[in-house]
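The primary structure of each chain is shown beneath.
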Amino acid sequence: MKPTLDFLAQAHDPRDPSPWLALYLDQSTPLPDPVKAAWLADSSSGSRQYLLPFLRPLARMAIVLFQVCKVFVPRNWSHSRLLHRLLAWGLKRFVSPEANWLILRHFHLGSQVLAFIGANSPVPVETSPLEPEDLDALKDDMFLKHDLNLFNFVIRLNQALRAKGLELKKAQTVDFSMIREPGVRLEDMPKGPLNFLDLQSAIELFTPLYQLMLTDNDFWRAANSLQLDETIGIYAATLLDAPEHLILVNNKHPLVPLSTLRAGHRLVIHGLSTEMLHSLLVKFRAAREAGAAGGHL
């Protein structure tokens, strides 16, 4: 199943060029065509164009109000299981197939990227992969576990390196065995009459719920896990000796915590950064396989 891209069906008008067509045809960003098509179909939707501008300020106001309310509740007040059930329910009933597909892909790709770094480190580090097969699997605290995995991985990797007096460097023989296309399919995503909400609108709506139903520590950590995009990008670039690709992974400096009010927008950047980093790893793997095949001719 491929997303419907209206701008591909229209003739190119040089006096009124489609920005979506330009982004789709551009090859400077390393994304597979199906992913780019889903991303642009979602981004060019009516929900993204007309609904998001109203939802975003309301969602950010809700974050502020919920923060005030949480001053009066116990510090460890949390309902993570209920939160994830609400998120799964909302995704299944109101979010577009393209957005749901990209969300499920994100868990798989993030797990593969961490496994790649862990396997190619001078001191191999085990990871805890998250590979949900469908939206119902998200009920198992999947979003919270994803955030915890990032911080735990950075801690374990650097503890292991420090204990051995080593540092991350270019891998002599790179293991790409964990890098593959996830098994989740766009055609399996819910397509009901109410599944219209785009990815960015959905994230803006769900972020205040995340803030309300988790502890302050969990929410703050989740928001600032997004700044580890640069950290993970540096690790991968170091192993591949390809620092020029870091320009594609940008979610603010990891040592400078930002306000949680922009967490929704930055979460979208986080998803896109993960897609591009994974795509780069796929390209490096393909280039190595092509070189190995050429050597046997």
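An account of the accompanying structure is given in this report. (Residues numbered from 1 in each chain as written. Predicted model: local features only at pLDDT ≥ 70, side-chain atom pairs only at ≥ 80, totals over all residues. Heavy atoms only, no water.)

1. As for the overall build of the chain
Helix and strand content of the chain: eleven helices and zero strands. When the helices and strands of the chain are listed from N to C terminus, the series reads α-α-α-α-α-α-α-α-α-α-α. Against the 2.2 N^0.38 benchmark of 19 Å for 297 residues, the chain shows a C-alpha radius of gyration of 20 Å, consistent with a compact globule. Principal-axis analysis of the C-alpha atoms gives the chain an extent of 60 × 55 × 35 Å. Residues classed as buried in the chain amount to 47% of the 297 residues present. (Helix = DSSP H or I, 4+ residues; strand = E, 2+ residues; numbered from the N terminus. Rg over C-alpha atoms; globule rule 2.2 N^0.38 Å. Buried < 20%, exposed > 50% of the residue type's maximum accessible area, 1.4 Å probe, protein only.)

2. Considerations on the packing of helix α6 (residues 97-120) against helix α7 (residues 142-164)
What describes two packed helices is the angle between their axes and the distance between those same axes. One way to put it is that α6 packs onto α7 with a least axis distance of 11 Å and a crossing angle of 15°. Comparing the axis directions of α6 and α7 gives the class roughly parallel. The handedness of the crossing between α6 and α7 comes out as left-handed. In this structure, α6 uses Ile103, His106, Phe107, Leu114, Ile117 and Gly118 to contact α7, whose residues at the interface are Met142, Phe143, His146, Asn149, Leu150, Phe153 and Leu157. In the contact of α6 with α7, the residues fall into nine nonpolar, four polar and no charged. (Axes fitted to C-alpha atoms, helices over the stretch in contact; angles between N-to-C directions. Parallel < 35°, antiparallel > 145°, perpendicular 65-115°, else oblique. Left-handed = near helix turned anticlockwise from the far one by under 90°. Contact = heavy atoms within 4.5 Å. Nonpolar A, V, L, I, M, F, W, Y, C, P; charged D, E, K, R; others polar.)

3. Notes on the side chain of Asn195
When you line up the elements, Asn195 lands in the loop between α7 and α8 (199-213). Separated by 2.9 Å, the side chain of Asn195 and the backbone oxygen of Lys92 make a polar contact. Beyond its immediate chain neighbours, meaning those up to four positions away, Asn195 contacts Leu91, Lys92, Arg93, Phe94, Val95, Ser96, Pro97 and Pro190. (Polar contact = N/O pair within 3.5 Å; in protein donor to acceptor, adjacent residues only side chain to side chain.)

4. Topic: empty space enclosed by the protein
Evaluated as defined, the whole model comprises four cavities of 30 Å³ or more. Of the volumes computed, that of the largest cavity is approximately 550 Å³. In terms of lining, the largest cavity is formed by 30 residues, of which the most central are His106, Phe143, Ile203, Leu267 and His270. At the level of secondary structure, the elements contributing two or more residues to the lining of the largest cavity comprise α5 (80-94), α6, α7, α8, α9 (216-225) and α11 (263-295). Ranked by the residues each element gives to the lining of the largest cavity, the list is headed by α11, at eight residues. For the lining of the largest cavity, the residue count by class is 20 nonpolar, eight polar and two charged. Of the volumes computed, that of the second largest cavity is approximately 210 Å³. (1 Å grid on protein atoms, 1.4 Å probe; cavity = no way out; pocket = protein on both sides within 12 Å on 5 of 7 lines; lining within 4 Å. Points joined across faces, edges and corners; volume = space filled by probe spheres on them.)

5. Topic: the side chain of Asp218
Relative to the helices and strands, Asp218 is located in helix α9. Exposure remark for Asp218: the relative accessible area of 15% places this residue in the buried category. A polar atom in the side chain of Asp218 sits 2.3 Å from the side chain of Arg221.

6. Regarding the packing of aromatic side chains
Tallying each qualifying case throughout the model produces three aromatic pairs. An angle of 70° between the planes, with centres 5.3 Å apart, marks the rings of Phe107 and Phe143 as edge-to-face. A residue pair is termed long-range when its members are at least 10 positions apart, and Phe107 in helix α6 and Phe143 in helix α7 qualify at 36 residues. Take Phe107: its relative accessible area is 2%, and that puts it in the buried class. Assessed through its relative accessible area of 21%, Phe143 is described here as partly exposed. The ring of Trp101 carries the charged tip of Arg105 above its face, separated from the ring centre by 5.1 Å. (Phe/Tyr/Trp six-rings, centres within 6.5 Å; stacked < 30°, edge-to-face > 60°. Lys NZ or Arg CZ within 6 Å of the ring centre and 35° of its normal.)

7. Let's talk about the layout of surface pockets
Here the second largest pocket defines a volume of roughly 250 Å³. Lining the second largest pocket are twelve residues; nearest its centre among them are Leu23, Thr29, Leu31, Trp39 and Leu272. Listing elements by their share of the lining of the second largest pocket, those giving two or more residues are α2 (19-25), α3 (33-43) and α11. A total of four residues in the lining of the second largest pocket trace back to one element, the largest contributor, which is α3. Along the lines of polarity and charge, the residues of the lining of the second largest pocket split into eight nonpolar, two polar and two charged.

Limitation: the analysis is restricted to geometry and does not speak to function.
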